[in-house]
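# Fold and geometry: a report
If you want the building blocks of each chain, they are given just below.
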Amino acid sequence: MSAPQSSVTPFPLALVPTYDPSNPTGGNPLDVNVNAIFAGLEYHAIWNMVMGFLVWLIIPGIGLLYGGLARRKSSLALLFQSVMVMAVVTLQWTFWGYSLAFSRTGSAFIGNLDNFALRNVMAGPSGVLPEIVFVFYQGMFAATTVQIVQCKRTPECVFDHLADYHLQGWLYKLPSLDFAGGGPVHQASGWAALAYALVLGKRTPAAGEPKSRSKPHNTTLVFLGTVLIWFGWFGFNGGSELSFNVRALLASFNTNFAASCGVLGWVLVDYIRTKGKFSVVGACSGAIAGLVGVTPAAGFVSIWLAGLIGFLTAVICASLQNLNEWLRVDEGLDVFRLHGVGGICGSFFTGIFAQKWVSMLDGASLASGAIDGNPVQIGHQLAEIVAIAAYSFTLSTILLLGLKYTPGMGLRVSDEVEMIGLDLDQFFDEQIGDWSAFEQEKLMEGRGEVGLRLGTIEGQRVGSDGETGGPSGHGSEEQFEMTSVTEMTKREN
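For every chain, the first residue of the written sequence is number 1, and numbering continues from 1 onward in sequence order. Since the coordinates come from a predicted model, pLDDT governs what is reported: local features require at least 70, and pairs of side-chain atoms require 80 or more to be given and counted, while whole-chain, interface and lining totals use all residues. Excluding hydrogens and water, the side-chain values take into account all heavy atoms of the structure.

Turning to the overall build of the chain, a few remarks are in order. Comment: elements are numbered from the N terminus, with helices defined as DSSP H or I runs of at least four residues and strands as E runs of at least two. Along its length, the chain carries 19 helices and two strands. Any residue under 20% of the maximum accessible area for its type is buried, any over 50% is exposed, and the rest in between are partly exposed; the area is computed with a 1.4 Å probe on protein chains only. By the burial criterion, 55% of the 493 residues in the chain qualify as buried. Sequence separation of at least 24 residues holds for 75% of the intrachain contacts in the chain that already meet a minimum separation of 6. In these tables, accessible area is a Shrake-Rupley quantity obtained with a 1.4 Å probe, and a residue counts as shielded only by the protein chains included in the view. Summed over all atoms, the accessible surface of the chain reaches about 21,000 Å², with 66% contributed by carbon and sulfur. The contact rule is simple, with two residues in contact once any of their heavy atoms fall within 4.5 Å.

So, in structure tokens, the structure goes:
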């Protein structure tokens, strides 16, 4: 995600392809062999393409994770969003996103449209990579960022590189240390999610609503999503060196080690809080917290410090169980707690624990934190934290308010749709769960008995474990929701 925090290239100058501004595409392939300048360096492009493929897996992984964490009646919508996020962001990134983030003549805060629609982008060198490889890899980060926050408009894709990763960016020059996007991806998406929760408002409560409303409806989906995210994160951190060397390999190792320590940290907090009980969702959350925490530090710290960062980040996030109540928001997927707070922890710990010898594993970069006698780096990290928070939260709020009050747009569905769920309202012939219940609803639709069906069939269907209820045994929750719909239908009739 980031270039090394040094103006010195980690390769002998004789091996680094030289970018020619007069020939930005690398030449006309009908006249010259555009591969020639990368002779002997092909393995770097292979490495980063594979890393990009791994990052791609994070996007459906988040869809499965959120689908499991959400209530069953809106789970399908979250899976659909993961596909649409990839499609829409890929289009936006190709047209203007890449140019605004990485155009070579951009300012310290934003790029320009010199590379609009990837104009003059192909085989010209970006470091040791053909630029088209660089575009693909960074585009996966842009899509992942939007997928994390799951809202219609977010500014973090642009901020992703305006200040932090563009060579002209002011945070890059400061420098703040962020190896793989802990700030522009996780902190930015966390603050955008908080802004979304504040502008959207809380879900509409109903009298007698059970506490199971906020519980994950399908732990299996949560587990599967976490597995894909964990696996994809090897590409997230391992490829952010933008070349193949020992530093990139250490970043990959640190990724797994920090996630493992994060699992232990979160499970420990759960074990103490519940007096000897465990949680699969908690273990999965710990893995993600560890991954978020180590993201900015992966290429700056040793193995044991990476584990410590993962452990501490997970413990801090797990300890903030009541954060939504403290902030008076209804942020059901815990994006701010895991990615916002976790990203802040990771950035701060990077300023403390960054080590020169680790950054020098690429052959030239020098980056140190307080542990190496450079306490001012903590101040640089705090500057990054404040800047990203202010930018992402402020612009997200402005954009969301604009959508909220624009006729024909809006942010919320009606109370009735909120009660029956997005899946039944917005999708045809599809649902998560028992198909026979859906067919029953179709038969009864014309009789004005939809609410009755929803209150009996769906609320009382038998799960795979033989118990009445949904896949997680939350039949009483569904019965309550659908009975409420019945009452609303009666009032309307």
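Counted as salt bridges are all cases of a side-chain nitrogen of Lys or Arg within 4 Å of a carboxyl oxygen of Asp or Glu. Tallying each qualifying case throughout the model produces five salt bridges. For Arg-104, the salt bridge identified is with Glu-131, shortest N-O distance 3.5 Å. With Arg-104 in the loop between helix H2 (75–102) and strand E1 (125–126) and Glu-131 in helix H3 (residues 131–149), this residue pair connects regions lying 27 residues apart in the sequence. For Arg-104, a relative accessible area of 36% corresponds to the partly exposed category. Given the relative accessible area of 2%, Glu-131 is considered buried.

Note that Leu-333 resides in the loop between helix H11 (323–327) and helix H12 (335–353). For the pair formed by Leu-333 and Val-149, sequence separation is 184 residues and the distance between their alpha carbons is 9.2 Å.

Attention now goes to the environment of Tyr-391. Here Tyr-391 is to be found in helix H14 (residues 376–404). Here the alpha-carbon distance between Tyr-391 and Ala-188, two residues 203 residues apart in the chain, equals 8.2 Å.

So, on to unusual backbone geometry. Although it is not a glycine, Leu-118 sits at a positive phi angle of roughly 60°. Mapped onto the elements of the fold, Leu-118 is located in the loop between H2 and E1. Despite not being glycine, Leu-242 has its phi angle at roughly 60°, a positive value. Checked against the element boundaries, Leu-242 lands in the loop between helix H7 (219–238) and helix H8 (246–273).

Position of Gln-355 relative to the elements: it lies in the loop between H12 and helix H13 (356–359). With residues up to four places along the chain from it excluded, the contact list for Gln-355 reads Phe-300, Val-301, Ser-302, Leu-305, Ala-367, Ile-371 and Asp-372.

Let's shift gears to helix H10 (residues 303–319). Any helix carries an expected span of 1.5 Å times its number of residues minus one. The end-to-end C-alpha separation of H10 is 24 Å, in line with the 24 Å expected for 17 residues at 1.5 Å each. All of the buried residues in H10 are Leu-305, Ala-306, Gly-307, Ile-309, Gly-310, Thr-313, Ala-314, Cys-317 and Ala-318. Close packing links the buried residues of H10 with H8, helix H9 (280–294) and H12.

You can see His-339 is positioned in helix H12. A polar contact is formed between the side chain of His-339 and the side chain of His-186, at a distance of 3.0 Å. Excluding residues within four positions of it along the chain, His-339 makes contact with Tyr-66, Ile-148, His-186, Gln-187, Ser-189, Gly-190, Ile-288 and Val-292. Polar contact is the term for a pair of N or O atoms within 3.5 Å; when the atoms are in protein, one must be able to donate a hydrogen and the other to accept it, and sequence-neighboring residues count only if both atoms are side-chain atoms.

All right, on to the confidence of the model for the chain then. Residue-level pLDDT values for the chain average 82, and 79% of them are 70 or greater. Confidence, read as mean pLDDT per element, is least for helix H4 (residues 156–162) in the chain (39) and greatest for H10 (98). The pLDDT value expresses, per residue, how confident the predictor is, ranging between 0 and 100.

The next subject is the packing of H8 against H9. Note on geometry: axes are C-alpha line fits, over the in-contact stretch for helices, and angles between N-to-C directions span 0 to 180 degrees. The contact between H8 and H9 brings their axes to 6 Å, and the two run at 135°. One element, H8, and the other, H9, form an angle in the oblique class. At the point where H8 passes H9, the crossing takes the right-handed sense. Listed contacts from H9 to Asn-254, Thr-255, Ala-258, Ala-259, Gly-262, Val-263, Trp-266, Val-267 and Asp-270 of H8 are Gly-282, Ala-283, Ser-285, Gly-286, Ala-287, Ala-289, Gly-290, Leu-291 and Val-294. Side-chain classes are defined by residue name, with Ala, Val, Leu, Ile, Met, Phe, Trp, Tyr, Cys and Pro counting as nonpolar, Asp, Glu, Lys and Arg as charged, and the others, Gly among them, as polar. Class assignment for the residues of the contact of H8 with H9 results in 10 nonpolar, seven polar and one charged. Relative orientations are named as follows: roughly parallel for angles under 35 degrees, roughly antiparallel for angles over 145 degrees, roughly perpendicular for angles from 65 to 115 degrees, and oblique for any other angle. By definition, turning the near helix anticlockwise from the far helix through less than a right angle yields a left-handed crossing, and turning it clockwise yields a right-handed one.

Let us look at the packing of aromatic side chains. Any two rings among Phe, Tyr and Trp, with Trp reduced to its six-membered ring, count as a pair given centres within 6.5 Å; such a pair is stacked if its planes are under 30 degrees apart, edge-to-face if over 60, and tilted if neither. What the rule picks out here adds up to 22 aromatic pairs. Ring centres 4.7 Å apart and planes at 75° place the aromatic pair Phe-102 and Phe-134 in the edge-to-face group. Taken together, the residues Phe-102 in helix H2 and Phe-134 in helix H3 connect sequence positions 32 residues apart. Taken as a pair, Phe-102 and Phe-134 share a single burial class, namely buried. In this structure an aromatic cluster arises from ring pairing among Trp-93, Tyr-98, Phe-102 and Phe-134. Counted as over-ring charges are cases with an Arg CZ or a Lys NZ within 6 Å of the ring centre that also lie within 35 degrees of the ring normal. Across from the ring centre of Tyr-19, 3.6 Å away, lies the NZ or CZ of Arg-104, which sits over that ring. Geometry around Phe-300 places Arg-247 over its ring, the cationic atom sitting 4.9 Å from the centre.

Residues Leu-91, Phe-95, Trp-96, Leu-113 and Phe-116 make up a contiguous nonpolar surface patch of about 490 Å² in total accessible area. Structurally, the position occupied by Trp-96 is in helix H2. The class of Trp-96 is partly exposed, set by a relative accessible area of 40%. Surface patches are defined over residues having more than 30% relative accessible area and no salt bridge, joining like charges when they lie within 9 Å and nonpolar side chains (Val, Leu, Ile, Met, Phe, Trp, Tyr) when within 5 Å.

One can describe the packing of H9 onto H10 by two numbers: an axis separation of 8 Å at closest approach and a directional angle of 125°. Classified by the angle between their axes, H9 and H10 sit oblique to one another. Classified by chirality, the crossing of H10 by H9 is right-handed. Contact residues: Gly-286, Ala-289, Gly-290, Gly-293 and Val-294 in H9; Ala-306, Ile-309, Gly-310, Thr-313, Ala-314 and Cys-317 in H10.

Attention shifts here to H8. Taking 1.5 Å as the rise per residue, H8 with 28 residues should run 40 Å; its terminal C-alpha atoms sit 40 Å apart, in good agreement. Looking at where H8 begins, the residue whose side-chain oxygen comes 3.1 Å from the main-chain nitrogen of Arg-247 is Asn-245. Downstream of H8 by a residue or two, Lys-275 has a phi angle that is positive, lying close to 60°.

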